[in-house]
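Now for the letters of each chain:
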Amino acid sequence: MQQKWQRWNISSRKWLWIIVVVGLIAALPVVYDRLVTEKSSKTVEFVFDYRDLVAVSSYRSNPQDYISEQLDRLKEAGVQSMAIYESTLDDFRRARRLMMWGAADIANLTDTIIPENQNYTYILFTSAKNHDALAPLLRDKFTELGIATRDWSFRGQEGLIIETPIENAAMKPIQPDPITLDMLRTKGFNIVPRLVDSLPYNEASVKKLVDQYAELGVKRILFEGESVKGFKDDEELHSLTAFADLLKKHGIGIAAIENIKKQQKGFNKLAYMLDYNVTRLYSLSEADSSLKPDVIADRFSLATKDRNIRMLYLNTISTRDTSKAQISDTLDNLIKSLSEPGGAVDKIKDNGFTLGQATAFDVQHSTYQRYLKLVAVIGALALVALMVSYFVPWLTLPVWALGLVAGAGLRLLRPELFEQALALAAAISAPTVATVLAIRKINQMGPPVRSSETGSKLSKNSSTYAVMSPQRRLTHSLVLYVKTALISLSAVPFMIALLNNITYSLVLNQFRGVSLLHTAPIGLVALYVLLYRGEFAFNKTGKLLRTPITLLWVIAAGVIGIVGMYYLSRTGNSGSVTPIEKVFRTFLENTVGVRPRNKEFMLGHPLFILGAFLAFKYRNAAFIMIVAVIAQLSMVDTFAHIHSPALISLVRGLLGLGLGLIIGIIAVIVWQIGEGCWKRWSPLLKR
């Protein structure tokens, strides 16, 4: 009965492969929907931080003239929008709209005694125009906060007394400077507001603010701080819902900032209520604004092309230039990075984008997609069962059946968790199965199994075995190379179908398990090479457990551990890259348009071709496949970055395969030359 059950499970493989193929076919229309979605937003918006511009202007002899001049230069360079914060008294002071003092300062200024029981803020406006524009805003805001204000004048200048300490008054966010807004609109800039959630949510005040932004043509807003507007009072006032209704009424979306340490609280909920009217934004930090112009241009180009970024945010900073004995800033450097020939604007346009206000993706979701995804789920489960079948054959059918039952329940209770888990399992299974099948093919056609491996004199194919010619070995290796790559890539349609949700493209939700994807196939292939070639696995396991541990083993384990830690440090979005690799990546980007992964075309793919070529003659060369599987899993991992366009990921993988093919063939030729030289000269060396 046990043998019959084993045969059933092994014979079920062909049916599982058929189910996998059917699942792949069902996943293709879902893949098409994603491609249509990714093509629906092709407008890129440059946004400059106006607060930074005001800050650096304070070091100039004529600040207002400097601001006006730089705005014209930025506009000409391609910047379409200005980021405007909710102002504070300190912002108005920097812009020279007003002056302010505390109680002690005003006593010195007026040559009076400081009041014993009054610690107020004293404000003077620098012109009648500033008074008329700002005094109503300040009165309304502080009255709303329960802080009394009254008129005050000094030496003919109009002002206000705000009955709260200056430290407290300076922290309160107020509506943006209307004079600045008018000036920026006159110069042709779009406005991108930055809102904070520091004060209690006041629906009337927020409505007035959003209405004002709508009149100015605002289409997207940013948030400053750790939470979105209305989050802190949402439980009590349902303020997030009220805020979302206001934004939807005026067609205003939000922007998600890339690579912030922690997503702003309430952002995902607000995005959902806005029907994901969200655009991804890349912010060039103040420190990075001093990078070389070509480096900045490459960053912007890659962000828009490779990561679906549609808003590019520029900051500037003042620096002490000791060589010129003056305070300078990075504006010239930023403008050069945008406008010079071959700069960011040219690169972005060459990639098929236009400049303008960024728009959200128009999500394509066909009515039949849910049914196709269900078929894809069944196919993905079959792929996982196939992987299990090559290690524990008698578990093949139980794993698939259990996967169907457990998957159905988990899909109802925790659909997001189920989809991510199954996508990860499929991503691990495909490169593992592909490499295992390659090893099995090599075992069938390669040299016979030695007696120490089988317990018998020779394997069953040894009687007919003959060493293949180098040309035939290379041909078989290249055919195996293509087959293995196709099987590995079979995981991709399943991953796209399972994770076809706009939240992944916007990185509001992320594919989990990247480290496991980068290690599990290597471990499984190593297990197969060590234990599943020739002799029953458990017998070999017993021998390994009884093998004495030597110092060499300990050293080897240490080296493998160090290499493994370095390998893992290179995975994920936060992986480290050496300066030399950065230069090489830039060269590839500028040369072929899309940068293939180094570990694919420089390591994994060439090793696969060389390893297969050698294993057809030298049995133990199959150990090279343990490293070669890195390229197979890396191709799949490229598509796990859902925020990258699927076509870019495909081109990157195909380029890696092509370059790896060339380098692999060169490696085979070099090996053949070296082997020929060794055979010819080694007898002389022995003499």
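Provided above is the structure to which this section pertains.
Residues numbered from 1 in each chain as written. Predicted model: local features only at pLDDT ≥ 70, side-chain atom pairs only at ≥ 80, totals over all residues. Heavy atoms only, no water.

Comments concerning the overall build of the chain
For the chain, the count of helices and strands is 30 helices and 14 strands. Long-range pairs, those at least 24 residues apart, make up 79% of the contacts in the chain between residues at least 6 apart in sequence. Only carbon and sulfur atoms are counted for the fraction: they give 61% of the accessible area of the chain, which is about 33,400 Å². (Helix = DSSP H or I, 4+ residues; strand = E, 2+ residues; numbered from the N terminus. Contact = heavy atoms within 4.5 Å. Areas by Shrake-Rupley, 256 points an atom, 1.4 Å probe, with all protein chains shown as cover.)

Considering the sheet that holds strand β3 (residues 98–101)
What the four strands build is an open sheet, ordered β3-β4-β6-β5; its pairing is antiparallel. Only two strands of the sheet have a single partner each, and these edge strands are β3 and β5 (149–154). Each strand of the sheet is rotated relative to its neighbour by a mean of 25°, with strand direction disregarded. Inspection of the sheet shows β3 paired to strand β4 (residues 121–125) by four bridges, in the antiparallel sense. Within the sheet, the bridge partner assigned to leucine 98 lies in β4 and is phenylalanine 125. On the sheet, helix α7 (residues 128–144) packs against β3, β4, β5 and β6 (157–162) and is oriented at approximately 155° with respect to β4. (Pairing = 2+ DSSP bridges. Axes fitted to C-alpha atoms, helices over the stretch in contact; angles between N-to-C directions.)

Observations regarding the packing of helix α19 (residues 415–445) against helix α21 (residues 470–489)
Relative to each other, α19 and α21 sit at 155°, their axes nearing to 8 Å. When the axes of α19 and α21 are compared, the pair comes out roughly antiparallel. Handedness of the α19/α21 crossing: right-handed. In this structure, α19 uses Ala430, Pro431, Val433, Ala434, Thr435, Leu437, Ala438, Lys441, Ile442 and Met445 to contact α21, whose residues at the interface are Arg472, His476, Leu480, Thr484, Ile487 and Ser488. The residue inventory of the contact of α19 with α21, partitioned by class, reads 10 nonpolar, four polar and two charged. (Parallel < 35°, antiparallel > 145°, perpendicular 65-115°, else oblique. Left-handed = near helix turned anticlockwise from the far one by under 90°. Nonpolar A, V, L, I, M, F, W, Y, C, P; charged D, E, K, R; others polar.)

Re the environment of valine 218
Looking at the element boundaries, valine 218 is found in the loop between α10 (203–215) and β8 (220–223). When its relative accessible area of 2% is taken as the criterion, valine 218 is described as buried. Sequence separation of valine 218 and serine 81 is 137 residues, and the distance between their C-alpha atoms is 9.9 Å. (Buried < 20%, exposed > 50% of the residue type's maximum accessible area, 1.4 Å probe, protein only.)

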